[in-house]
Amino acid sequence: MYLSFFDYNVFSQRFIGFDNYRYIFSDWLFRKALGNTFIYTFGVVPLWLGKALLITVLIYPLRKPLQTFYKGIFYLPHVTSSVIISMIWLWVFNPSFGLLNYAIRSLGFDPVVWLGNTATAMPSLIMMQVIMGGGSTIVLLSAAMASIPEYYFEAARIEGAGPWKVFSKITVPLLKPTILYAMVMGTIANFQTFSNIYIMTQGGPQFSTTTIAYLVYNTAFRYYDLGLASAMSMVMFGILVALGVLQFKWLGANVEY
Amino acid sequence: MTKAATGRLVRKIVALLIVTSLGLLAFIPLYWMVVTAIKPPALTLRFPPEIFPSNPTMRNFNDLFKHPYLMRWTINSLVVAGTVTTVQIFLCALAGYAIAKRQFPGARFFFMVYIASMMIPKQVTLVPLYILVSRFGMINTYAALILPSLAAPFGVFLMRQFMLTIPSEIIEAARIDGASELKTFFKVIIPISKPALAVLGIFTFVGEWNDFLWPLIVTNTARMRTLQAGLALLQEEVPLQHAFLMAGATYAAIPMIVVFILFSKYFLKGITVGSIK
């Protein structure tokens, strides 16, 4: 925090007050990165949480071994590092020989230059994250769901509630604390996304996938402007705190523990 | 079969279909990594691609092992992840025990500091931590790779939560039997805490093995990179040798997949302690 008020680079360390902050807010690239980070986070988090919730509910009635099997499948990408996942998907997204374009062509569509196009690069990254993510959240939600007494569901069924009603009126409200926890953690994690950008797009094309984390890295460790990079990470921190508080306000209001 | 029963059956099949297809989506990329890794390089540039490899080869792995730094990266990763895991288990157990079971001035305060630092995203402390490490002249050393990871608020939190569940009577009984403070800790507390220590150890090891950003910034020679940062380097060096790169990815992924399969019960039970406050 202290550093962010300095002109701190290899050559000099000089106190410059709020100049770093003034600079980044007028910098178009920082604003673009901020926008990209928001798009990425708000693209990933709802889809990924929805997917995790859907799978949790669908595998809940299954027999134990089958449940464990599915949990294992979804968890597998979680023990694989983000570097490896990014390398695989870079290959899957390959415009001429990639698996994805093969699938698309077999379905009779035109191949897409997934990562080389400003319009598709960010959605591609979001899609990859949603497809690979969710494993640990499924485990978390399943554990929470197992602690809901079975007679809640039975009572609802006897009263004649359909599956959707049971889901929206019983499951979701009772899982709320866990959902909230997963949402806050997921927001924090995705807001800082770095490895996939570094490996797959280097922030391009035309800065369409430059996120704050990647910009901080570039500013600090390519251009060695550590003061400016600190200021950027402080802004990021501020936003994350604000988002966390908002999420707690929004969802936490009627949580019963 | 009644109408209601048919409806239930249909719903069950639809549910299984959805779950299976989503699972396949997540699994196919990993399968594709392995399949590409065992294909002859020329075959990767063919369209349409072979979904099941017709003549698998170990050639890419042979090429991989010829890389001058591969073994070095593997050793670096093992040293870093191994040291961090061992030391962290020990430190977190000590700190967790102290906070949970010992009364000392400021215990609550220390715990609050831990909780607060757990909430701070990694990225925020990245630059200051880097400056600290470079001021100590530790850039490009094992110390830089290992030391910052030893402070593990989450681990302390986990241990504290677990140790709160140990009845204090056991500790008192040990004391009455004449056990010293350290003896109580090593002979009573550690054996009871084994499951929690295992969880902490496994998650720490996987996390450290897979860590990328920190090794990337504190190392500046190829030799000192960890396996993950080394893979990124390969990706930059030979971006077009897909089969070779996938062999590298497979090589780095397999140890963690083995750990996962061996300890899947720990992973799939989830760290529920962390989510309940």
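Helix and strand counts for chain A come out as twelve helices and two strands. Its helices and strands in sequence order give chain A the pattern β-β-α-α-α-α-α-α-α-α-α-α-α-α, from N to C terminus. For chain A, contacts bridging at least 24 residues in sequence account for 69% of all contacts bridging at least 6.

Moving on to the overall build of chain B. Secondary structure summary: chain B contains 15 helices and zero strands in total. Out of the 277 residues belonging to chain B, those deemed buried represent 35%. Taking the contacts inside chain B whose residues are at least 6 apart along the sequence as the reference set, 73% of them involve residues at least 24 apart.

Turning our eyes to something else, we now look at the confidence of the model for chain B. All names here are of chain B. In this model, chain B carries an average pLDDT of 83, and 97% of its residues clear a pLDDT of 70 or more. Counted against residues more than four places away or in other chains, residues 272-277, with its pLDDT under 50, gives eight contacts. Listed scores for the predicted complex are pTM 0.85 and ipTM 0.85.

What you tend to see is this: most non-glycine residues have negative phi, and most peptide bonds are trans. If you check the backbone angles, Q206 of chain A has positive phi at about 50° while not being a glycine. Inspection of the secondary structure assignment puts Q206 of chain A in the loop between α10 (195-201) and α11 (212-221). One non-glycine residue, N140 of chain B, adopts positive backbone phi at about 70°. Mapped onto the elements of the fold, N140 of chain B is located in the loop between α6 (122-135) and α7 (142-150).

Our focus in this paragraph is the environment of F260 of chain B. Looking at the secondary structure, you find F260 of chain B in helix α14 (residues 242-262). F260 of chain B sits in the buried class, given 20 other C-beta atoms within 10 Å. Residues F260 of chain B and V206 of chain B lie 54 residues apart in sequence; the distance between their C-alpha atoms is 9.0 Å. Once residues within four sequence positions are removed from consideration, F260 of chain B is found in contact with L76 and V79 of chain A together with F267 of chain B.

Each assigned domain of chain B is listed with its residue range as follows: domain 1 (3-62) and domain 2 (68-237). Each of domain 1 of chain B and domain 2 of chain B has a C-alpha centre, and the two are 37 Å apart.

It is worth spelling out the interface of chain A and chain B at this point. Frequently, the measure chosen for interface size is the accessible area that the parts lose on association. The interface is formed by 53 residues belonging to chain A together with 52 residues belonging to chain B. The element contributing the most residues to the side of chain A that touches chain B is helix α3 (residues 64-79) of chain A, with ten residues. Among the residues making up the side of chain A that touches chain B, the classes are represented as 41 nonpolar, ten polar and two charged.

It is worth spelling out helix α11 (residues 194-210) of chain B at this point. In a regular helix each residue adds 1.5 Å, so 17 residues correspond to 24 Å; α11 of chain B covers 24 Å between its end C-alpha atoms and thus fits that length. For α11 of chain B, every residue scored as buried is listed here: A196, L197, V199, L200, T204, F205, V206, E208, W209 and N210 of chain B.

Further remarks concern α11 of chain A. Here α11 of chain A lies mainly inside the structure; eight of its ten residues are buried. Regarding α11 of chain A, the residues found buried are I212, A213, Y214, L215, V216, Y217, T219 and A220 of chain A.

Right, let's get into the nonpolar core. In this structure, I84, M87, I88 and M232 of chain A together with L231 and A249 of chain B are the most contacted members of the largest nonpolar core, which totals 118 residues. Broken down by element, the residue count for this core peaks at 13 residues, all from helix α2 (residues 28-59) of chain A. If you count residues domain by domain, this core takes at least three from each of domain 1 (3-62) and domain 2 (68-237) of chain B. Not counting chain neighbours up to four residues away, the residues in contact with M87 of chain A comprise I199 of chain A together with L231, Q235, L245 and A249 of chain B. Listed in part, the 20 residues of the second largest apolar core include A93, Y114, F162 and L200 of chain B.

Here the focus is the environment of P121 of chain B. Its place among the elements puts P121 of chain B in the loop between α5 (107-119) and α6. Residues P121 of chain B and I166 of chain B, 45 residues apart in the sequence, show an inter-C-alpha distance of 31 Å. Ignoring sequence-local partners within four residues, the contact set of P121 of chain B consists of I188, Q192, F237 and L240 of chain A.

Here we come to the environment of M185 of chain A. All names here are of chain A. Within the fold, M185 resides in helix α9 (residues 163-191). The class of M185 is partly exposed, set by 17 C-beta atoms lying within 10 Å. For the pair formed by M185 and K32, sequence separation is 153 residues and the distance between their alpha carbons is 24 Å.

What counts, and where the lines are drawn
Residues numbered from 1 in each chain as written. Chains lettered and ligands numbered in written order. Predicted model: local features only at pLDDT ≥ 70, side-chain atom pairs only at ≥ 80, totals over all residues. Helix = DSSP H or I, 4+ residues; strand = E, 2+ residues; numbered from the N terminus. Contact = placed C-beta atoms within 7 Å. Buried ≥ 20, exposed ≤ 12 C-beta atoms within 10 Å, placed from the backbone. pLDDT = per-residue confidence, 0-100. Domains from an automatic or database assignment. Nonpolar A, V, L, I, M, F, W, Y, C, P; charged D, E, K, R; others polar. Expected span 1.5 Å × (residues − 1). Core = buried A, V, L, I, M, F, W, Y, C linked by C-beta atoms within 7 Å.

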